[in-house]
Amino acid sequence: MKTLLLRNTQLVDGTGAPARIADVCVRGDRIATIGRNLSISADEVVDVGGLTIAPGFIDVHTHDDAIVLRDSSMLPKLSQGVTTVITGNCGLSLVPLVSDAPGSPLDLLNTSEFRFAHLNDYAQAIADKPPAVNVGALIGHTTLRAKVMQDLARAATPEETQDMAALLDEALSQGALGLSSGLFYQQAYAADMAEMQALTRVVGRHGGVYVTHIRSEMDDILNAMQEAADTAQSGAAQWIMSHHKCAGPRNWGRTIETLALLERLSQRQSVGTDVYPYSAGSTLLREDLVDGIIDILITRSDNHPEMAGRYLADIAQEWGTDQLQACRRLMPGGACYFQMREDDVRRVLAHPMSMIGSDGLPHDERPHPRLWGAFARVLGHYCRDEKLFSLPEAIHKMTGLSAQRFGLHDRGVLREGAFADLVLLDPHGIQDRATYENPRQMCEGIERVMVNGQWAFAHGKALGTGTGRFLRR
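Residues numbered from 1 in each chain as written. Predicted model: local features only at pLDDT ≥ 70, side-chain atom pairs only at ≥ 80, totals over all residues. Heavy atoms only, no water.

Caption draft 1: Representation of the sheet that holds strand E16 (residues 296-301) within the structure. With respect to topology, 3 strands assemble into an open sheet ordered E15-E17-E16, the strand pairing being antiparallel. At either margin of the open sheet sits one strand with a lone partner, and together these are strand E15 (281-284) and E16. Strand after strand, the sheet turns through a mean of 20° between neighbouring axes, direction not considered. Bridge analysis of E16 against strand E17 (residues 333-337) gives 5 bridges, and the strand direction is antiparallel. Across the sheet, the residue bridging to Ile298 is Ala335, located in E17. (Pairing = 2+ DSSP bridges. Helix = DSSP H or I, 4+ residues; strand = E, 2+ residues; numbered from the N terminus. Axes fitted to C-alpha atoms, helices over the stretch in contact; angles between N-to-C directions.)

Shown next as structure tokens:
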């Protein structure tokens, strides 16, 4: 069993505790010893020269379900220090559906990979061709609906709900982390309280999490939050609110209200939230999001792929039409919507409940820059430059807090006996480089990344090692 000794690190352990100087000894896939001036015989000794060592980052909100199978290098995440991705968000998961054309919004995940009827099948595919990062999976409510229902524009019948609950129960028994929903999307919007509560009761029995892209992030956001919280509470499930935002000009500034509601709800139930560090979101092209006020950047268009990277207003002007008509001509596709205001983003980022999730869409032709830059942007721009929080606090939001919320044991912390998922970074040099104009740009300042005791990334290059594992609840 190989032993590695890392000397002279500035250790930030993921708990929020202050940084300290320490040596770290890794044996096999675990951290063996942490201490000052360790006297240990090792196969490899690396003097890191005062770089910060932190737990590998956990991206709690991804749509990486298919990309971990198609591109095992996972460079957009690995290059940011991410060692674990949580898939299956927003109600969209590959499991348990077998289909060549599941339709919108499931096509966000890439239709060619819908071939897993059981979670164990997906886990085996990851084991057969391990990606560079660990994978934990949520089961998507919209996927369950597509599996058992012909018409998604209505609430499920009691019999259909029972079938969904049985599928969810099996997946949770096989190690799924919980259930996600995306009631924001048309294919799940008709789901009623009875349907959702029946499913969260299954989640609660297994001790899992209920993660929600709530029904509205705009005018009706408080009611949507209350609905999601009540649904989780009725099933005794932990509740996590996805990509916390107040979208649209009429709602700018309302994070004061939404965070206050989260705090009140946390007095009666387990509550968490995630956030990405940008004022634009990204999802499918949708007519209802075209208001003529906010900027909309096209990331993908099946009918007009040449328009990726251009703004909808400019396309509409070139075509001699209004933005709504241009949107219809471009669909199906995707876009970045500049829906949020910076003070709201900062307020949510700084809140102690908030975890970091990229919400990147890896299959977009011109993806949102968060795919390549979210974690570096938190550490560089918001932590170091804007001093929104300390480095230990920032790292806690992307490691220890995330592992705790999602039940990832021995991950997200640097302590003896924990898995050796590690990041070596330069806190003075870390910087996101991905932009809306040039989104596929690797960040700076991540020197090395270790996954399960093996180096997976070093000096700007993925090492091609299939170091990741499927993580079961």
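Caption draft 2: How the structure looks around the side chain of Glu217. Mapped onto the elements, Glu217 comes out in the loop between strand E12 (209-213) and helix H8 (221-234). Within polar-contact distance, the side chain of Glu217 engages the side chain of His243 at 2.9 Å. Within the structure, the side chain of Glu217 is placed 3.2 Å from the side chain of Lys245, a separation counted as a polar contact. What Glu217 contacts, discounting residues up to four positions off in sequence, is Ser242, His243, Lys245, Cys246 and Ala247. (Polar contact = N/O pair within 3.5 Å; in protein donor to acceptor, adjacent residues only side chain to side chain. Contact = heavy atoms within 4.5 Å.)

Caption draft 3: Broad picture of helix H3 (residues 119-128). All of the buried residues in H3 are Leu119, Tyr122, Ala123, Ala125 and Ile126. Viewed end-on, H3 has its buried residues packed into an arc of 155°, placing them on one side of the element. Against helix H1 (67-70), strand E7 (82-87), strand E9 (115-116), strand E10 (134-140), helix H5 (158-173) and strand E23 (470-471) lie the buried residues of H3. (Buried < 20%, exposed > 50% of the residue type's maximum accessible area, 1.4 Å probe, protein only. Arc of directions from axis to C-beta.)

Caption draft 4: Here's a closer look at the packing of aromatic side chains. The final tally for this structure, using the stated rule, is 6 aromatic pairs. Consider the rings of Phe57 and Phe375, whose centres lie 5.9 Å apart with planes at 10°: the pair is stacked. Pair noted here: Phe57 is in strand E6 (residues 57-59) and Phe375 is in helix H13 (residues 370-385), with a separation of 318 residues, a long-range link. Looking at Phe57, the relative accessible area reads 0%, which means it is buried. Owing to a relative accessible area of 0%, Phe375 belongs among the buried residues under this scheme. (Phe/Tyr/Trp six-rings, centres within 6.5 Å; stacked < 30°, edge-to-face > 60°.)

Caption draft 5: Inspection of the pattern of salt bridges at higher detail. Following the criterion strictly, the structure yields 30 salt bridges and no others. With a closest N to O distance of 2.8 Å, Glu195 and Arg145 form a salt bridge. With Glu195 in helix H7 (residues 193-206) and Arg145 in helix H4 (residues 141-148), this residue pair connects regions lying 50 residues apart in the sequence. The residues Glu195 and Arg145 share a single accessibility class, namely buried. Of the charged contacts, one joins Arg286 and Asp288 as a salt bridge, the two residues approaching to 2.7 Å between their closest N and O atoms. Overall, the relative accessible area of 52% leaves Asp288 in the exposed class. (Salt bridge = Lys/Arg side-chain N within 4 Å of Asp/Glu carboxyl O.)

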